[in-house]
Amino acid sequence: MPVSGPSIRLQNVSRHYAAVRAVDGVSLDIAAGSLVALVGLSGSGKSTLLKMINRLVEPDSGEIFIGETPVCSIDPHVLRRRIGYVFQNIGLFPHMTIARNIAIGLELAGEKEGSADRVAELLDLVELPQDTASRMPDQLSGGQQQRVGVARALATRPGLMLMDEPFGALDPVTRDNLTAQYKALHQRLGLTTVIVTHDMAEALYLADRILVMEGGKIKANATPAELLSGNAGEEAEALVAIPRAQAAHLIALGKKS
Amino acid sequence: MTEAWQQALARVPELLAAHVQISVSALLLAMLICLPLAIWAARSPRVAAVALTVASLIQTIPGLALLALFYPLLLGLSALIGGGISAFGFLPALLALTLYALLPILRNAVTGLTGVDPAAQEAADGLGMTGNQKLYYVEAPLAAPTIMAGIRTAAVWTIGAATLSTTVGQPSLGDLIFAGLQTQNWTLVLAGCLFSAALAISVDLLLGLIERGIRERRRILAGAGIAIIAAGLLVATLPLLITRDNVVVVGAKNFSEQYILARLIGSRLEAAGYDVRYRDGLGSAVVYRALSRGDIDVYVDYSGTIWTNQMQRTDAQTKAAMLDEIAKWTSASHGVKMLGALGFENTYAFAVRADDARQKSLKTLDDLARVSSDFNFGTDVEFLERPEWQMVQDAYPIRFKTARSFSPTFMYPALASGEVDVISAFSSDGRIAANGFVILDDPKGAVPSYEAIMLLAPKRGRDDKFVAALNPLAGAITVENMREANYTVDREGDKKTPRQAARWLNDNLRE
């Protein structure tokens, strides 16, 4: 059931918090079906930029289009129901079973019929056992909870997924697993995904295009290969230098032994 | 079981029912106000600040004062819209208790709603919930245990404070406590306290059960709690559902003589076939108005009180002329019938210890004025504010060293023990003679006459059977008998209940 995800276009988008320019006149095109990573240090404006796409944050100026539709022309809650949203703190509803957590988007859309089947399908998709459905969120590990978070976001078959440091709080092994599995899901479902991360290694592995942000501006917009070749500017180079140095160190260690 | 306990317990079911009714009504009204307000406050910090400040301010007003304040407020409101609002009984009690219950419910609801995990809120927004959906699916369920805890606190407070609603004429378990305190009938006080405490504890436990049910998401627990409360409510209010015809209400102010006379009147009405209820412990300001509105049917007042408080007169008249004018005035202005004087007077009388009277040769208020700068004055809670005190001060140059207020129960022992040197006693009080206190004469007639008079509500004034049942009491009670009856109720040992004293009084009427 490949869905074709929409393209996204930002035109001169800005957002200020008091005197701070979180996002400063960003213009950008994201191709349909791409997996784009927004990389940058804390406070670089990447989360703000992401949240303006589903109107969790409203821009002060500029316009954002999903496909050809300006997002400001759609009621926020209607818009958000068409977009999957996954974030670091997961936010499962502690008073609902996993099944109800996953199906809540369907419930909001009034699609109660067949939701049990859909929940089963989604549990398979995020590789959770079926008996998870009847459990409560606090009975699951962090990794399992974020799998549920992803399943919940996918329940209404959105074409676009927005992910804000989705695996940032998980242990490295779980994180690596989930990253790989999500990449496969993205391709299988034909999604457009924008993922915010501060981890360049993750971005290099996951994304087919990487946007480097600093001070509210996009400093680099390149493929992982271009970034690694060192042609994407000094901000990008500073971020790439860290995994590159780590990799070199590991290789050196391997040769010694 | 002793007779005192039997009498106390006999009144419990009806008072408990009224207590439950007023508490539950106030709690429900408070919830109705607070929950929408809390939702608004949770979305606007400014609304939260204002609402919580107002609720906290209300909480600092003593419960008794809050109740008392609603009486003039409702009277004013009623006058403003041309009548129809009762300032007596249920309504003022309901409003005061509701205000009292606001703070805990509001505070907990705002805390609960604003304390919802930000991650859950972000998820709700991200999923595309509208404000109402977010409230229904996420905020309300997550805040429910905290809100429930607030309701629980409010319930316990309200049940406790409801005992004070007696003072504005709303029956409650407080009737037992107030009557018991006045007549030093500790059985009554104990019964009132035990039952209101038991009520508060059971409600607290049941609401706690519901709270746990919600917190742990165990529907059975919450359901059981709700079911038991509903059943309890039904059983408790059952006595109120049985309406009886021919019910008359006898009013009484808050001291022993009034309780005794109310029982005397009540027993005669019962003998005449009426079903009698009592509203005890009413404030002087409330009781006459309640009678004129028909909220109570009959009570005993004192000529001087009507003269100064209701008629706003300060001139001195002979006893007969005063009674005559009072009868005309009550009838003309409120349709209230003065059935007649009972035959004794209960006036303010300045009493001193016998040894002081002898050593300092105190006989009159003039003598008292002479020594007053060395004397400590003990008085009841209202005398210093009453016009009679002004009249006395105008007539005699009295300036006491100190003045302290007591409940009548403690005023006499205070004089006996030397804590104070002179008190504003009540002339029909048996404790004057029992303690050997000396009453000082009032040669200038500064204190008006306080003949005990029976006042009838407009409807009862036209009820021949009613009038016939009470007519024999006119002029039939001597001051000696009233003192004796009062003393049997007020004394420390071998105490009689007001009903027993009333029976004795009825057997000793002057022909």
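Criteria and cut-off values
- Residues numbered from 1 in each chain as written.
- Chains lettered and ligands numbered in written order.
- Predicted model: local features only at pLDDT ≥ 70, side-chain atom pairs only at ≥ 80, totals over all residues.
- Heavy atoms only, no water.
- Core = buried A, V, L, I, M, F, W, Y, C linked by side-chain atoms within 4.5 Å.
- Buried < 20%, exposed > 50% of the residue type's maximum accessible area, 1.4 Å probe, protein only.
- Contact = heavy atoms within 4.5 Å.
- Domains from an automatic or database assignment.
- Buried area = accessible area lost by both parts, 1.4 Å probe.
- Salt bridge = Lys/Arg side-chain N within 4 Å of Asp/Glu carboxyl O.
- Polar contact = N/O pair within 3.5 Å; in protein donor to acceptor, adjacent residues only side chain to side chain.
- Helix = DSSP H or I, 4+ residues; strand = E, 2+ residues; numbered from the N terminus.
- Nonpolar A, V, L, I, M, F, W, Y, C, P; charged D, E, K, R; others polar.
- Patch = residues over 30% accessible without salt bridge, like charges linked within 9 Å, V, L, I, M, F, W, Y side chains within 5 Å.
- Areas by Shrake-Rupley, 256 points an atom, 1.4 Å probe, with all protein chains shown as cover.
- 1 Å grid on protein atoms, 1.4 Å probe; cavity = no way out; pocket = protein on both sides within 12 Å on 5 of 7 lines; lining within 4 Å.
- Points joined across faces, edges and corners; volume = space filled by probe spheres on them.

(A) Inspection of the nonpolar core at higher detail. L269(B), F350(B), L368(B) and L470(B) are the most contacted members of the largest nonpolar core, which has 79 residues in total. Each residue touching L269(B), except ones within four places of it in the same chain, is listed here: V248(B), V250(B), Y274(B), V276(B), V298(B), F466(B), A469(B) and L470(B). One finds L92(A), L122(A), L154(A) and V212(A) within the second-largest nonpolar core, a separate group that totals 48 residues.

(B) Representation of the domain arrangement of chain A within the structure. Residue and element names in this part refer to chain A. Under the domain assignment used here, chain A contains domain 1 (8–82 + 158–256) and domain 2 (95–150). Once you take the C-alpha centre of each, domain 1 and domain 2 turn out to be 26 Å apart. Between domain 1 and domain 2 lies a buried interface of about 860 Å² when both sides are counted; carbon and sulfur atoms form 66% of it. Where domain 1 meets domain 2, there are zero salt bridges. If you look at where domain 1 meets domain 2, you find three residue pairs in polar contact (both at pLDDT 80 or more). Among the elements that take part in the side of domain 1 that touches domain 2, helix α6 (residues 172–189) stands out by supplying eight residues, more than any other. Looking at the side of domain 1 that touches domain 2, its residues break down into eight nonpolar, three polar and two charged.

(C) Region of the structure containing the interface of chain A and chain B. Contact with chain A, which involves 21 residues of that partner, is made by 17 residues of chain B. Buried area between chain A and chain B, both sides added, is near 1700 Å², and the carbon and sulfur share of it is 67%. The three residues of chain A that bury the most area against chain B are F93(A), H95(A) and L108(A), which together make up 33% of that side's buried surface. For the interface between chain A and chain B, the tally reads one salt bridge. Linking E122(B) and K51(A) is a salt bridge whose minimum nitrogen-to-oxygen distance equals 3.5 Å. Linking chain A with chain B are six residue pairs in polar contact (both at pLDDT 80 or more), by the criterion used here. Top element by residues in the side of chain A that touches chain B is helix α3 (residues 98–108) of chain A. It accounts for four residues.

(D) Quick peek at a nonpolar patch on the surface. Residues and elements named next belong to chain B. A surface patch of nonpolar side chains, about 340 Å² in accessible area, is lined by L77, L80 and I81. Of note, L77 is situated in helix α3 (residues 63–80). By relative accessible area, which is 40% here, L77 ends up partly exposed.

(E) The arrangement of empty space enclosed by the protein in detail. The full count for this structure, using the stated rule, is five cavities of 30 Å³ or more. Of the volumes computed, that of the largest cavity is approximately 120 Å³. Forming the walls of the largest cavity are 13 residues, and the residues nearest its centre are Y85(A), R152(A), A153(A), G126(B) and L127(B). Looking at the lining of the largest cavity, the elements that each hand over two or more residues are α2 (76–81), β6 (83–87) and α5 (142–154) of chain A together with α5 (118–126) of chain B. Its boundaries defined by the atoms lining it, the second largest cavity holds a volume of some 100 Å³. Lining the second largest cavity are Q182(B), F255(B), S256(B), E257(B), N346(B), P408(B), F426(B), S428(B), D429(B), R431(B), N486(B) and D490(B). Among the elements of the structure, α10 (256–271) and α21 (479–490) of chain B are those that each provide at least two residues to the lining of the second largest cavity.

(F) Inspection of the pattern of salt bridges at higher detail. As enumerated under the stated definition, the model contains 37 salt bridges over all chains in all. Two residues, E165(A) and K46(A), come together in a salt bridge whose shortest N-O distance is 4.0 Å. Residue E165(A) is located in the loop between β7 (160–164) and α6, and its partner K46(A) is located in helix α1 (residues 46–53); the two are separated by 119 residues in the primary sequence. Given the relative accessible area of 12%, E165(A) is considered buried. Between R313(B) and E325(B) there is a salt bridge, with the nearest N and O atoms lying 2.7 Å from each other. Note that R313(B) is positioned in the loop between α12 (303–310) and α13 (319–334) and E325(B) in helix α13, a separation of 12 residues in sequence. Using a relative accessible area of 22% as the deciding quantity, one classes R313(B) as partly exposed. Through salt bridges with shared partners, a single ionic network connects R353(B), D356(B), K360(B) and D421(B).

(G) Quick look at unusual backbone geometry. All names here are of chain A. Even without glycine at this site, R55 takes up a positive phi of about 65°. Relative to the elements of secondary structure, R55 occurs in the loop between α1 and β4 (61–66). Phi angles above zero are rare outside glycine, and E127 is one such case at about 60°. Following the sequence through the fold, E127 ends up in the loop between α4 (115–125) and α5.

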